[in-house]
Structure formats: C-alpha cells, structure tokens
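Residues per chain, in single letters:
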Amino acid sequence: MSQIALTAEEARAASREELFRRLASRPGGLSAAEAADRLKRYGYNEIPERRVNPIVRFLSYFWGPIPWMIESAVLISIVLGRWEDFAIIFSLLLFNAFVGSWQESKADTAVGMLKKNLAVRSIVFRDGRRVGVPARELVPGDVVRIRLGDIVPADVKLVDGEYLLVDESALTGESLPVDKHMSDIAYSGTVVRRGEMNGLVFATGTASYFGRTARLVAETKTVSHFQQALLNIGNYLISLALVLAVVVFIVGFIRQQGVLETLQFALILTVAAIPAALPAVLTTTMAVGAMDLAKRQAIVSRLIAIEELASMDVLCSDKTGTITENRLAIAGIESYAGFTKEDVLLAARLASREEDRDPIGMVIIERVEETGNVAARVDMYRPVSFSPFDPVSKRTIAVVEDSEGKRFSAAKGAPQVILGLTRDRQALSAGVLELIDAFATRGYRALGVAMTDELGRWRFVGLLALYDPPRKDSAETIATARSMGVDVKMVTGDHTAIAREIAAAVNMPTAVTTASCFLGRPEHEAEQIVEEADGFAEVFPEHKYRIVELLQARGHVVGMTGDGVNDAPALKKANVGIAVAGATDAARSSAAIILTEAGLSVIIDAIKKSREIFRRMNNYAIYRITETIRVLFFIALSIVVFGFYPVTALMIVLLALLNDFPIMTIAYDNVRYSKTPERWNFMTLLGISTLLGLIGVVSSFGLLYIGVVILQLSTAALQSLIYLKLSVSGHLVLFAARTTGPFWSIRPATPLLLAVFGTQLIATLIVVYGFLLPPIGWSLALFVWVYGVALFLITDFIKVRAYPLFERAGIRR
C-alpha cells in the first residue's frame, strides 16, 4: 500500500494555496469521511514492524545453532536403525522448536500491546474542529497542530502560526535547534522545543523523511548487563558440556566402542546440558513482568529497563506532581487592619471567577465552600465586572454589588502589587514583607488581598499562604524506598526553602543544595557534593543531566524522573529514565518507563517487580548450573572411571524433554523481592550451584551403589532406576534453588507445582510400566522417590547453612 502523497521537494516548492489544492485539503482540515477514505488509500502513518512468519520462526528454531546437535543425533539413530530413539529425539526437536517460537510470539504480542499504550496522539483539524487522534491515523492532507514538547507526527509544511524551534538531532545529528517559519518543512520524528504552529501533512509512514531511515518505534537490541551475565552463564555451561562430551567420545573410541553410538551419546549428553530454555525463560519473564507493570500504571518502553530497575540505588525525583500533589492548598490566613480571616477569604473569593478555572481561584473557591459562613456571605453579592489575571498587572480585580446596590471592588494577586494599591502601604509594608519572608522560609507562597471602602479607597485585607501539599502516601513511599536501599533525592526548580519544607514534611533529610554548588567545580569535588546532597533546588532541566552524570561516575545506578522537553537528555542519560504522568511526547520517547499515574508509589511498585524478576532469573541460573554439574559429571565420571553408561541416549532425551516444560513456568513463580538493590554475586551463584550439583553427583553414585551391590539389578533396570532418580531429583533441586532459606519459606506458584509433579508423574509411569524404557515396577519407583526426597531434605539443610558463608566470601572479595 503506497503511503506517499508528495515528496519534501514538491511540498517545499509549492505555495500554501497550491499545496492545499494538490492535497485536496483546506485550512479547516479534512472531514472525518475524507480522512477515513485516505487511511484506506495510504495506510497507517507508521513504520511497519518486521513481522516474522510463524512458519519461518518455527523453522529458525528447528534448524537453529543448538538444534543441529539434536538433528545429528536423529540422523545417527536412523543409521543405527534405532527407531524408538529416532521418534523420541525427533519429538524433542519439535518440542524445542514449538516452545521457542511460541514463547517468542507471546513476547512479541506483549511488547506490541505495550507499544499501543505508548502511541503518540496528535491534535488534528477534522470537520473544522480540533480533535485528538492517534498519530498513526494521520493522512496526507490533514492539518495538525504542533506545539512545545510534541514529536512532529508526519512530514508537514507549516501553514499557520509564527514560528517553531525544532530539534532535528535525531535526523541530522546537529545539536542546535532549528528555527522554522511559515512555508518551512518540519520532519516526522523531530521535537518541538518552542512555539506553536499548524502544519499540513504531505507524507506519512515510510514515505516520510524519518521513515526512510529508521523505524519510529524500534526495539533496541542492546544487551544489558543482566542479559550479558545470563549469556555468560549459558556459554560456560555449553563449554563445560562440550569438553565432557569430547572426553566421553575419546574414552569410548579408546575402548573401541561403536563410533556412531558413542558419538550419538556424546551429542545427546551435550544437548541435555545446554540451556536451550534460556532465551525463552528470559524473554517470557521480562514480558510477563512488563505486562504486570502496565496494570500497575507503569508502561515499559524497553524490556531491559526492568533489569536496570532491580539494580537502581539512587532515584532523583521531581518534587511537583511526584512527591507533592501538584495542587495548591491554603496553608494559612493572616488578616490586617481590623479585618477577620473570614473577610480575607470573602474578598479573595469575590476576586475569583469559577469559569476561569484558574488554579489559585479554584483553591479559594473550594476553601470558601468548606466554610459555611463565608459561602453564605458570598451569595449576598452580585458580580458587576471582572478583570482576569495577566502577567503584567499580576492581579485580578472584581467589581461587585450588594443587596442595597452599593458597589465596591475586591482584588487579589502578588502581595507587593496589592499593597501598592492601598493608601497606607508605607505603614504596612515592613510588616507585610516580613510575613512574606516568614511564609517563604516555610515553603509557602503569599497571595495579597484588598478591597475598597465606601469612599472607593483600597484597604489591605490580608494574606493567604499557598503551597503544594505533599501526597498523602509520599512519606510512607519514600520510607519504603529507603528501606529497600534506594536513596531518594528531590529535584526541583523551586526555591531552596520550599524544597526543605517539603522534604521535612515527608520525613526526608533536608540537606538540599543548589545547582550553583556543583557547577564549575572540579570533577571529584562535584561528584562528592552531588552524592552527599539529599536534594537539589533551583535546578533547571539541563542541570539534571549533570546530576545523573556525576552520580554515575560514583558507581551509582541512577533513576531520573522528568516530564518536559528539556528533561529528555537526562532521561536518556539515566540508567532508568522515568517519564511521569502528563509528560510531553519528547520526554516519553526518551524514557525507559512511562507512568500513567502520578506519585512515587508507582515507581516503588516497579522497583519491587523488577527485583522479583531478578530473583526468578537468579533462581533459574542456580538451577541450570546445578543440573549441568549434577547430570554431566555423574554420567561422565561413570563412563570414564567405571566404564558404565548409567543412562541411555534415549533417557537423556527424555530428561531434557520433561525438564524444559516446568522451567517455562518459573516466570510465574512466587518470589520475595530483595530489600537491597540487586547485584550479580557470582561467588555466591557459582558456589551454591557447585555445592548443590556435587551433592547431586554423590547422591547419584550412592543410588548406583545400592542398585549394583545391594539390589543387584540388571543393567537395563539399573539404568531405568538411575533415570528416574535424575528426573525426580532434578525437579526437587529446583525447589531448593528457588529460595535462600528453607524450601518451604516461599510457597511455589501453582503453575510450577503442577508442571513439576505432572512431568514427574509421567516419568514415574514410564519406568513403572516400561513405556519406551525397561520397567522397574512400583516398589523400586517408590524407593527412588523416598531416596530422592530424603536427599533433597539433606541438600536443602546444607544449602541454608552454606548461603551465609558464600555471601560473606563474596563481600570480602
């Protein structure tokens, strides 16, 4: 479907009137019907996502780099004529391909749903009226309104308005914004830094300048520290498996065993140790976590941001709207010259008009409605005229009339301006200014109120103290964050006194500094000042970038909140950029997480969820390393030392087949989030994994001894016995690996329990009734279960006592 209407060169050359004519449009915009028709003709205004055909995706997993070893084993089974082996190994191949492609498809769907929530909306003229529509529904001929903070949604020619200041760095790399005036071209994907104009859309989607070079919403393929750590673990396991497989093959060759049989066994042994489920577990866990966060009003624009949140130890939070309610309230009232506090409220209310929806006027109106006496007095007056607030006069004035027809005026505004209206300003000035300063030290803004007497002379009535109150949950939320090892630093453009007052109100330390304290200082000194500060006041958006940079230089993982166009660089620089509710498009596009609800509590929820995800991934890593050591070393040592194959190739395939399915459910497992920022502690990770794995090796040799010496089983029965032990113990060790305390300290999730016991029931029935494997009967199967459970309890006991030792060793290191 073609998305082009005009090229940029054609649009630039055409006059305003000619362009409207060629696009069959008009200054009032298209009609809804015309827009719908063009949407069918031109398609959506978006860069089409690369859609992978389900069959192609399935085949990529079927013929991928790991499955080739399984495929080799399949071919060898055919050559040897072992059709049962062929059927089971081929089933494993199909299962791996199905699980991998299904998990990837499910993750793509989850990310797609998140992106829909992030879709940019545009103001467009339809049927002569301004309406908000998703930017993807714009068509050539649409007239759009673009203003400060907007991402230009399509290639447009500016046809109305004074000017725009546009950041084109995303397209040109030029850091300085560019001035745009009437008849200039503004390109899709650029950011409006200043101004407001109308633009006529002439190219959308892949036909736009931006669309020819990049995707509007592209999933970053960057590998995070978290993913890299898991990939390193996977590479370690693969290397270990390949080395042991080569050793097994060489030993078999030296002992003149069948080359093809030995090769088949070595290949399958390698397959069993390779963490084939690693990408699927990682992707599924991230996608499930992102969807859960979206339900909690935090939309993740990049999945890897969840991982960075787990490690975040400093959060630089905006004051207004995040710590506070972003809503004015009256903190106090002071009356003058014989007036009462009710008189101050009355005069302020008379100087306010509800239909203006002015924030200061509305808070006064709400306060009056809560005060019955004043509300009754207001009804006694009729408004005659009203002069709204303007930035030059800095006041509002109303003329009102009482029931007797007498008129007087009421005014409110900047205290110095209101004081300047009165005759006795000289006498009152010192006291009023002192009170204003007293308000300022408590973080309050003062509002002056005056009214005229019967002679028309202005009299100063009093002052109202206004402030933006902290959110009710801010103190508790900040305390929670600190208890979780996250240092919350307030960042605000307000005066230092206001910042300290709010900090004290939410039980934060009040060592608030200003940007001037660290700007221009030597690097080391500036880093120390920023690290030790509890907050920053009188900060401009460009200072936020420097704050993040200095904290990161000290080794901190930094989160930064923001909402404006100028916050975008700091949000991009931060490890976790967080666009707060109501943020501009530019801020949202730079942030890793976009909040749809105001307040800090949403961020804390996101931190908890990210740490839960980290725990699940850490648990999986411990389990996977443990299993590799437990199975690989036992089988390899049995073959190399005793010349005995404890399990067949088919049994290894069954182990891999039945073990992979329950691991998928680890993304839904119950975990407890850490009370401190997460870090990869490889001393503990590898130490615990090795310990659990070696205990498993010893216990397997113990059962082998019982089977050979005490029970004197045949080779076939002994192999079935060992197979069931490896299968049962493998999933029991998962319950030990998922907790640092006793295995019962955190209840496993129902999906995990059902998957584990379901697959182990299948494994038990296979060896009891001899389906595919030699039968051993119920008595031996029950003995294996009792043996496995007993060893599991011993393993868990040792694990609980070993954890503190490894953690202390990791700290010392």
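From a predicted model like this one, the values you see are computed outputs, not experimental measurements. (Residues numbered from 1 in each chain as written. Predicted model: local features only at pLDDT ≥ 70, side-chain atom pairs only at ≥ 80, totals over all residues. Heavy atoms only, no water.)

Student: Sorry, what's going on with the packing of aromatic side chains here?
Tutor: For any pair of aromatic rings, the description consists of the separation of the ring centres together with the inter-plane angle of the planes. Using the criterion set out here, one finds 11 aromatic pairs in the structure. Ring centres 5.4 Å apart and planes at 85° place the aromatic pair Tyr-381 and Phe-408 in the edge-to-face group. Highlighted residues: Tyr-381 in the loop between helix H15 (372–378) and strand E11 (382–387) and Phe-408 in strand E13 (residues 407–413), separated in sequence by 27 residues. Judged by its relative accessible area of 13%, Phe-408 falls in the buried class. Plain terms: the ring middles of Phe-518 and Phe-536 are 6.0 Å apart, the flat faces sit at 85° to each other, and that makes the pair edge-to-face. Of this pair, Phe-518 sits in the loop between strand E17 (512–514) and helix H20 (523–532) while Phe-536 is found in strand E18 (residues 535–537), placing the two residues 18 residues apart along the sequence. Accessibility classification places Phe-518 together with Phe-536 in one group, the buried group. (Phe/Tyr/Trp six-rings, centres within 6.5 Å; stacked < 30°, edge-to-face > 60°. Helix = DSSP H or I, 4+ residues; strand = E, 2+ residues; numbered from the N terminus. Buried < 20%, exposed > 50% of the residue type's maximum accessible area, 1.4 Å probe, protein only.)

Student: Would you explain a nonpolar patch on the surface in this entry?
Tutor: Residues Val-243, Val-247, Leu-637, Val-640, Val-641 and Phe-642 make up a contiguous nonpolar surface patch of about 500 Å² in total accessible area. Within the residue set of the nonpolar patch, elements represented by two or more residues are helix H8 (225–254) and helix H24 (601–642). With 4 residues, the single largest contributor to the nonpolar patch is H24. Structurally, Leu-637 is set in helix H24. Judged by relative accessible area, which is 36%, Leu-637 ranks as partly exposed. (Patch = residues over 30% accessible without salt bridge, like charges linked within 9 Å, V, L, I, M, F, W, Y side chains within 5 Å. Areas by Shrake-Rupley, 256 points an atom, 1.4 Å probe, with all protein chains shown as cover. Salt bridge = Lys/Arg side-chain N within 4 Å of Asp/Glu carboxyl O.)

Student: Just checking my understanding: could you explain the nonpolar core for this structure?
Tutor: For soluble globular proteins, the rule of thumb is that nonpolar side chains tend to be buried together. Within the largest apolar cluster, 67 residues are counted, with the highest numbers of intra-cluster contacts made by Val-647, Tyr-723, Leu-724 and Leu-773. At 14 residues, helix H27 (residues 715–737) tops the list of elements feeding residues into this core. Sequence-distant contacts of Leu-724, defined by excluding residues within four places in its chain, comprise Ala-763, Thr-764, Val-767, Ile-776, Ala-781 and Val-784. Ranked by size, the runner-up nonpolar core spans 39 residues in total, among them Ala-298, Val-300, Ile-607 and Met-617. (Core = buried A, V, L, I, M, F, W, Y, C linked by side-chain atoms within 4.5 Å. Contact = heavy atoms within 4.5 Å.)

Student: Help me out: how do you make sense of the pattern of salt bridges in this one?
Tutor: For side chains bearing opposite charge, pairing can occur when the charged atoms are close. Taken as a whole and assessed by the stated rule, the structure comprises 20 salt bridges. The partner of Glu-404 in a salt bridge is Lys-406, with the nearest N and O atoms 3.6 Å apart. Accessibility classification places Glu-404 together with Lys-406 in one group, the exposed group. Where Arg-554 meets Glu-527, a salt bridge forms, and the shortest distance between an N and an O atom there is 3.6 Å. With Arg-554 in the loop between helix H21 (541–553) and strand E19 (558–562) and Glu-527 in helix H20, this pair connects stretches of sequence that are 27 residues apart. Among the residues examined, Glu-527 registers a relative accessible area of 12% and is labelled buried. Through salt bridges that share partners, Arg-382, Glu-401 and Arg-407 make up one connected network.

Student: I would appreciate a short explanation of the packing of H24 against helix H26 (residues 682–710) in the present structure.
Tutor: Two packed helices can be described by the angle between their axes and the distance between those axes. Where H24 meets H26, the closest approach of the two axes is 8 Å, and the angle between their N-to-C directions is 40°. One element, H24, and the other, H26, form an angle in the oblique class. Of the two possible hands of crossing, H24 and H26 adopt the one that is right-handed. Of the residues contributing to the contact of H24 with H26, the split by class is 16 nonpolar, 8 polar and 1 charged. (Axes fitted to C-alpha atoms, helices over the stretch in contact; angles between N-to-C directions. Parallel < 35°, antiparallel > 145°, perpendicular 65-115°, else oblique. Left-handed = near helix turned anticlockwise from the far one by under 90°. Nonpolar A, V, L, I, M, F, W, Y, C, P; charged D, E, K, R; others polar.)

Student: Explain empty space enclosed by the protein here, please?
Tutor: Regions of empty space are outlined by a rolling probe, equal in size to a water molecule, passed over the atoms. Summed over the entire model, instances satisfying the criterion amount to 6 cavities of 30 Å³ or more. In this structure, the second largest cavity encloses a volume near 110 Å³. Ser-729, Val-733, Leu-791, Phe-792 and Thr-795 are the residues nearest the centre of the second largest cavity, which is lined by 13 residues in total. For the lining of the second largest cavity, the secondary structure elements donating two or more residues are H26, H27 and helix H29 (777–812). Class assignment of the residues belonging to the lining of the second largest cavity gives a composition of 6 nonpolar, 5 polar and 2 charged. (1 Å grid on protein atoms, 1.4 Å probe; cavity = no way out; pocket = protein on both sides within 12 Å on 5 of 7 lines; lining within 4 Å. Points joined across faces, edges and corners; volume = space filled by probe spheres on them.)

Student: Looking at this structure, how should I read the sheet that holds E11?
Tutor: Two strands in a sheet stick together by hydrogen bonds in their backbones, pointing the same way (parallel) or opposite ways (antiparallel). Strand order in the open sheet formed by 6 strands is E10-E15-E14-E13-E12-E11, with antiparallel pairing between adjacent strands. This sheet does not close on itself; its edge strands, each paired only once, are strand E10 (329–335) and E11. Neighbour to neighbour, the strand axes of the sheet diverge by 20° on average, direction disregarded. Contacting E10, strand E12 (395–401), E13, strand E14 (445–452) and strand E15 (458–467), helix H13 (residues 341–350) runs over the sheet at an angle of about 120° to E10. Lying over the sheet, helix H17 (residues 425–441) contacts E10, E14 and E15, oriented at roughly 10° with respect to E15. (Pairing = 2+ DSSP bridges.)

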